[in-house]
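The residues making up each chain are set out below.
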Amino acid sequence: MVFHYNHSQAPDRPECSLDIVNPMESEKLVKKVLAFPDTGADMTMIPQECIPNLGNLIRGQPIQFRGVNGIRTLQTYIVDIRISGYTFPSLEVVAIPKNHVLIGRDILNENKAVFDANQDFWILNCGESCPSI
């Protein structure tokens, strides 16, 4: 999957759109959201505001995160993440007070991610089952 950088932000940043899907009701409860890959995020983080729109999500155990604002306890949820038709199933994610997704190392480390700002693209290669764009 090949995506482009957003040049309207300074500095330019890699981005894509993706769907957050309730795995229990996959075709009914989907939320399309802007996303940024974040190699510093241990796990994928979704907007807190999406949670009510996704129905009854499976909840995981709350976990502690250390960030720039200190240590916080965040609720985890099980969701499917769909990027360009490819589904990353049953990911444990945390909800954060942002309006975008941070694609964490739980997705990036399991796949080959290539970032090339000079050529204005980034690639997420999830193997042979991954569609190319």
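Our subject is the structure listed above.
Residues numbered from 1 in each chain as written. Predicted model: local features only at pLDDT ≥ 70, side-chain atom pairs only at ≥ 80, totals over all residues. Heavy atoms only, no water.

Looking only at helices and strands, one finds one helix and 14 strands in the protein. Whereas a compact globule of 133 residues would reach a radius of gyration of roughly 14 Å, the protein reaches 15 Å, a difference of no more than 12%. Taken along its principal axes, the extent of the C-alpha atoms in the protein is 40 × 35 × 25 Å. The proportion of buried residues among the 133 residues of the protein is 42%. Of the contacts made within the protein by residues no fewer than 6 positions apart, 55% connect residues no fewer than 24 positions apart. Per element, the accessible surface of the protein, about 7600 Å² overall, is 47% carbon and sulfur. Distance between charge centres in the protein, computed from 11 positive and 15 negative side chains, equals 7 Å. (Helix = DSSP H or I, 4+ residues; strand = E, 2+ residues; numbered from the N terminus. Rg over C-alpha atoms; globule rule 2.2 N^0.38 Å. Buried < 20%, exposed > 50% of the residue type's maximum accessible area, 1.4 Å probe, protein only. Contact = heavy atoms within 4.5 Å. Areas by Shrake-Rupley, 256 points an atom, 1.4 Å probe, with all protein chains shown as cover. Lys, Arg positive; Asp, Glu negative; His and termini not counted. Charge placed at Lys NZ, Arg CZ, Asp CG, Glu CD.)

All right, on to the environment of Leu-57 then. Relative to the elements of secondary structure, Leu-57 occurs in the loop between strand E6 (45–47) and strand E7 (58–59). Among the residues examined, Leu-57 registers a relative accessible area of 12% and is labelled buried. Considering only alpha carbons, one finds Leu-57 and Met-24, 33 residues apart in sequence, at a separation of 7.7 Å.

Right, let's talk about the pattern of salt bridges for a bit. Throughout the structure, instances matching the rule amount to four salt bridges. Of the charged contacts in the structure, one is a salt bridge between Glu-15 and Arg-13, with a shortest N-O distance of 4.0 Å. Note that Lys-32 is salt-bridged to Asp-19, the shortest N-O span being 3.1 Å. Residue Lys-32 is found in strand E5 (residues 30–37), and its partner Asp-19 is found in strand E4 (residues 16–21); the two are separated by 13 residues along the sequence. (Salt bridge = Lys/Arg side-chain N within 4 Å of Asp/Glu carboxyl O.)

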